[in-house]
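Spelled out from the first residue to the last, the chains are:
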2 protein chains.
Amino acid sequence: MNLPQNVTVKEVGPRDGLQNEQEMISTEDKVEWINQLSETGLSYIEISSFVHPKWIPQLGDALEVAKAIKRKEDITYAALVPNRKGLERALEANVDEVSIFMSASESHNKKNINKSIEETFPVLQEVVEEAKQEHKSVRGYISTVFGCPYEGPVSIDHTLKVCNELFEMGIDELSIGDTIGVANPVQVEEVLTSLDKYFDKDQLALHFHNTHGTALANVLTAMQLGYHTFDSALGGLGGCPYAKGASGNLATDDLLYMLQGMNVNTGIDHERILEAGKYIQQKMNKSLPSHHMQILNKGGAFL
Amino acid sequence: MNLPQNVTVKEVGPRDGLQNEQEMISTEDKVEWINQLSETGLSYIEISSFVHPKWIPQLGDALEVAKAIKRKEDITYAALVPNRKGLERALEANVDEVSIFMSASESHNKKNINKSIEETFPVLQEVVEEAKQEHKSVRGYISTVFGCPYEGPVSIDHTLKVCNELFEMGIDELSIGDTIGVANPVQVEEVLTSLDKYFDKDQLALHFHNTHGTALANVLTAMQLGYHTFDSALGGLGGCPYAKGASGNLATDDLLYMLQGMNVNTGIDHERILEAGKYIQQKMNKSLPSHHMQILNKGGAFL
């Protein structure tokens, strides 16, 4: 099986994992959690979002979190920014990288950002320009590439157009999102084969959700096609706002299990990751849905 | 992606799914559940086990279940038999096929069957001979191929030896089991590439458990190698006796979702499968762990 030797796992739990959580988690607990994550060997942690707290109250303390965490030299600490105002707060927080986001489908973009796709481009253009002036790298997220909760299937042409515009703006990396976790391996192959004609594999990441259980099969397919950067959230945090209670993000711990078994290097310590998982679920006072946290929680032995 | 056009899904929920359940389910409920499964388009249902009720009290009503279900012509109704005595009860029950079982690893075989691997062969030989005389087809199960709860990794040579002996006895199909759900796609490829040198793909089935979340990725790999028969249990019933509370068998409903999305035919109606899942979880008074049953249970919309 042709697989990359090394894979970069980008931990999005503190942002994408927590953003749908209703129960407020204290700033202190978030900071301690991120500090623990910093000791696992992860090279990338998305720590929060500078979206207006009215939209995501849980992440209203982004600035405090960014200022309080202990940073390690070799880790990129990133945060989501929706617009120039968010960027200014992110710059004040001195994050290493900012992430901008939009959707491949018109209706999801409208519901999520309150703008059409065309109206979104200039807003993000401004963010990218200013971030670059401040010597920050910029990551893009494109949502609903594999399916939209309002429109169903999404045309690859829509995706290509948005990807192209984002790279034209000067982003450094683009994360291809299966926002509602509907993708299957054949579809992943179709989408990535199309993207491959225009974009560099090294500039693309895959962001899978495990709503329907297919996330690891999708990762495998992407790896077989030479992709080597994956977003995940410890413990499978995150849920799916469109299927309440369903599984959330691809779980970092489950991803690591598969990669380790296949001798793919990540540089991440599985034991420390599980310890950090135990920490945050204790603070959240609920059990996390990933397979490995479930095994741990139920006292099962690791085999 | 090179995938088989058609896949046979063998439903093992009424046997492998229920055998670890402590709370007794009534014979009537089992019969009604199997009758519902018979209406989904499944071509194969393993309905129970003729292991002595002392070992699996839950399946002590195998004979009653077999006699009470409404059988459909085009469905193979199978049951597990451990030895000649079990076979005689299975013949009385007039099942279409009997399944024999043993392990690839010595310690698991000893704990499970109370015999060494060498001592097991003649017992099963007798079962196969008598079943054949009675014109029944015979399925073999080989457990712990991808890892043993007592020994860890299992050598492929052990597996090959047991597979070979079972086919020499005259079994019609052999199901290759990841009993504790530890397999990863690279390992699946290694094992299947070895088996492929000696055995016909059409005579092998794959039996994955989803303990660590890798079952669908493993199915994908097996399909890419041309394998097209998979065991699964509706709702992911089954648990893992070695990691209490962990995920059980690969879930039929989750498997169908992935196959359907990839345009692989199974002949099975996904809606009816979910209805049958709702039925048995209501009777068991607990929610089933598969992704699709979880989405249903939490009132999420299917996307």
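Below is a summary of the structure that appears in this document. Everything quoted here is computed from the prediction, not taken from an experiment. (Residues numbered from 1 in each chain as written. Chains lettered and ligands numbered in written order. Predicted model: local features only at pLDDT ≥ 70, side-chain atom pairs only at ≥ 80, totals over all residues. Heavy atoms only, no water.)

### Details of the overall build of chain A
Part 1 of the reasoning: For chain A, the count of helices and strands is 12 helices and eight strands.
Part 2 of the reasoning: What you see for chain A is a C-alpha radius of gyration of 18 Å, in line with the 19 Å of a compact globule of 303 residues.
Part 3 of the reasoning: With respect to the principal axes defined by its C-alpha atoms, chain A has extents near 50 × 45 × 35 Å.
Part 4 of the reasoning: If you take every contact in chain A between residues at least 6 apart in sequence, the share linking residues at least 24 apart comes to 73%.
Part 5 of the reasoning: Of the roughly 11,700 Å² of accessible surface on chain A, a fraction of 45% belongs to carbon and sulfur atoms. (Helix = DSSP H or I, 4+ residues; strand = E, 2+ residues; numbered from the N terminus. Rg over C-alpha atoms; globule rule 2.2 N^0.38 Å. Contact = heavy atoms within 4.5 Å. Areas by Shrake-Rupley, 256 points an atom, 1.4 Å probe, with all protein chains shown as cover.)

### Describing the packing of helix α6 (residues 117-133) of chain A against helix α7 (residues 156-169) of chain A
Residue and element names in this part refer to chain A.
Part 1 of the reasoning: Where α6 meets α7, the axes come as close as 9 Å, and the angle between the chain directions of the two elements is 25°. Considering their axes alone, α6 and α7 lie roughly parallel with respect to each other. By crossing handedness, the relation of α6 to α7 is classed as right-handed. Counted together, Ile 117, Glu 118, Phe 121, Leu 124, Gln 125 and Val 128 of α6 and Lys 161, Val 162, Glu 165, Leu 166 and Met 169 of α7 form the full contact between these two elements.
Part 2 of the reasoning: Grouping the constituent residues of the contact of α6 with α7 by class yields seven nonpolar, one polar and three charged. (Axes fitted to C-alpha atoms, helices over the stretch in contact; angles between N-to-C directions. Parallel < 35°, antiparallel > 145°, perpendicular 65-115°, else oblique. Left-handed = near helix turned anticlockwise from the far one by under 90°. Nonpolar A, V, L, I, M, F, W, Y, C, P; charged D, E, K, R; others polar.)

### What to know about the packing of aromatic side chains
Residue and element names in this part refer to chain A.
Part 1 of the reasoning: For the structure shown, the criterion picks out six aromatic pairs over all chains.
Part 2 of the reasoning: Taking 6.0 Å as the distance between ring centres and 50° as the angle between the ring planes, the aromatic pair formed by Phe 146 and Phe 208 counts as tilted. Taken as a pair, Phe 146 in the loop between β5 (137-143) and α7 and Phe 208 in strand β7 (residues 204-208) lie far apart in primary sequence, 62 residues in all. This pair shows no difference in class: Phe 146 is buried, exactly as Phe 208 is.
Part 3 of the reasoning: Chaining the aromatic ring pairs together yields one cluster made of Phe 167, Tyr 198 and Phe 199.
Part 4 of the reasoning: Just above the ring of Tyr 44 sits the side chain of Lys 10; from NZ or CZ to the centre is 4.1 Å. (Phe/Tyr/Trp six-rings, centres within 6.5 Å; stacked < 30°, edge-to-face > 60°. Buried < 20%, exposed > 50% of the residue type's maximum accessible area, 1.4 Å probe, protein only. Lys NZ or Arg CZ within 6 Å of the ring centre and 35° of its normal.)

### Quick notes on the environment of Thr27(B)
All names here are of chain B.
Part 1 of the reasoning: With respect to the secondary-structure elements, Thr 27 resides in helix α2 (residues 27-38).
Part 2 of the reasoning: Along the backbone, Thr 27 and Leu 160 are 133 residues apart, and their C-alpha atoms lie at a distance of 38 Å.
Part 3 of the reasoning: Ignoring anything within four residues of it in the chain, the contact list for Thr 27 reads Asp 61, Glu 64 and Val 65.
Part 4 of the reasoning: Reaching out from Thr 27, the side chain makes a polar contact with the side chain of Asp 61 at a distance of 2.7 Å. (Polar contact = N/O pair within 3.5 Å; in protein donor to acceptor, adjacent residues only side chain to side chain.)

### Section: the environment of Lys30(A)
All names here are of chain A.
Part 1 of the reasoning: Residue position: Lys 30 is located in helix α2 (residues 27-38).
Part 2 of the reasoning: Take Lys 30: its relative accessible area is 4%, and that puts it in the buried class.
Part 3 of the reasoning: With 233 residues separating them along the chain, Lys 30 and Asn 263 place their C-alpha atoms 31 Å apart.
Part 4 of the reasoning: Not counting chain neighbours up to four residues away, the residues in contact with Lys 30 comprise Leu 18, Ile 25, Gln 58, Leu 59, Asp 61 and Val 65.
Part 5 of the reasoning: A polar atom in the side chain of Lys 30 sits 2.5 Å from the backbone oxygen of Gln 58.

### Here's the deal with the packing of helix α10 (residues 252-261) of chain B against helix α11 (residues 270-284) of chain B
All names here are of chain B.
Part 1 of the reasoning: Their axes nearest at 10 Å, the elements α10 and α11 cross at an angle of 165°. Of the possible angle classes, the one that applies to α10 and α11 is roughly antiparallel. Crossing of α10 over α11 shows left-handed handedness. Contacts between α10 and α11 involve Thr 252, Asp 253, Leu 256, Tyr 257 and Gln 260 from the first element and His 270, Ile 273 and Leu 274 from the second.

### Side note on the nonpolar core
A general feature of soluble globular proteins is that nonpolar side chains tend to end up buried together.
Part 1 of the reasoning: Counting residues in hydrophobic clusters, the biggest one holds 195 residues, and the most contacted among them are Ile176(A) and Ile176(B).
Part 2 of the reasoning: Residues in contact with Ile176(A), not counting those within four places in the same chain, are Ile142(A), Val145(A), Phe146(A), Cys163(A), Leu195(A), Leu204(A), Ala205(A), Leu206(A) and His207(A). (Core = buried A, V, L, I, M, F, W, Y, C linked by side-chain atoms within 4.5 Å.)

### Details of unusual backbone geometry
Part 1 of the reasoning: With a phi angle near 55°, Asn94(A) is a residue other than glycine that sits in the positive phi range.
Part 2 of the reasoning: The phi dihedral of Asn263(A) is positive, around 60°, even though this residue is not glycine.

### Topic: the side chain of Thr120(B)
Residue and element names in this part refer to chain B.
Part 1 of the reasoning: Mapped onto the secondary structure, Thr 120 falls in helix α6 (residues 117-133).
Part 2 of the reasoning: On the accessibility criterion, Thr 120 (2% relative accessible area) is buried.
Part 3 of the reasoning: A distance of 2.8 Å separates polar atoms of two side chains, one belonging to Thr 120 and the other to Asn 109.
Part 4 of the reasoning: Here the side chain of Thr 120 touches Ser 116 through a polar contact of 2.7 Å, landing on its backbone oxygen.
Part 5 of the reasoning: Excluding anything up to four places from it in sequence, Thr 120 contacts Met 102, Asn 109, Ile 113 and Lys 115.

### A closer look at helix α8 (residues 185-196) of chain B
Part 1 of the reasoning: The first and last C-alpha atoms of α8(B) sit 16 Å apart over 12 residues, in line with the 16 Å expected at 1.5 Å per residue.
Part 2 of the reasoning: Every buried residue belonging to α8(B) is among Pro185(B), Val186(B), Gln187(B), Val188(B), Val191(B), Leu192(B), Ser194(B) and Leu195(B), and all of these are buried.
Part 3 of the reasoning: Here the buried face of α8(B) lies against α9 (215-224) and α10 (252-261) of chain A together with α7 (156-169), β6 (173-178), β7 (204-208) and α9 (215-224) of chain B.
Part 4 of the reasoning: Put simply, Asn184(B) is the residue that caps the front of α8(B), since its side-chain oxygen is 3.0 Å from the backbone nitrogen of Val186(B). (Expected span 1.5 Å × (residues − 1).)

### What to know about the pairing of β7(A)
Residue and element names in this part refer to chain A.
Part 1 of the reasoning: Across the five residues of β7, five count as buried, placing the element largely inside the fold.
Part 2 of the reasoning: Burial along β7 is two-sided: Leu 204, Leu 206 and Phe 208 facing one way and Ala 205 and His 207 facing the other are all buried.
Part 3 of the reasoning: One ladder, built from five bridges, connects strand β6 (residues 173-178) with β7; its direction is parallel. When the sheet's bridge partners are listed, Gly 177 is paired in β7 with His 207.
Part 4 of the reasoning: For the crossover that starts at β6, traverses helix α8 (residues 185-196) and ends in the parallel β7, the hand is right-handed.
Part 5 of the reasoning: Pairing geometry for β7 and strand β8 (residues 229-232), over two bridges, is parallel. (Pairing = 2+ DSSP bridges. Right-handed = clockwise from strand over helix to strand, strands pointing away.)

### Thoughts on the pattern of salt bridges
Part 1 of the reasoning: For the coordinates displayed, the defined rule picks out 34 salt bridges over all chains.
Part 2 of the reasoning: Two residues, Glu165(A) and Lys161(A), come together in a salt bridge whose shortest N-O distance is 3.5 Å. Of this pair, Glu165(A) and Lys161(A) both sit in helix α7, separated by four residues, roughly a single helical turn.
Part 3 of the reasoning: Under the relative-accessibility criterion, Lys161(A) is labelled partly exposed at 39%.
Part 4 of the reasoning: Where Glu92(B) meets Lys67(B), a salt bridge forms, and the shortest distance between an N and an O atom there is 3.6 Å. Of this pair, Glu92(B) sits in helix α4 (residues 84-92) while Lys67(B) is found in helix α3 (residues 62-68), placing the two residues 25 residues apart along the sequence.
Part 5 of the reasoning: The exposure class assigned to Glu92(B) is partly exposed, which follows from its relative accessible area of 48%.
Part 6 of the reasoning: Among the charged side chains, a network of salt bridges with common partners joins Lys10(A), Arg139(A), Glu173(A) and Asp231(A). (Salt bridge = Lys/Arg side-chain N within 4 Å of Asp/Glu carboxyl O.)

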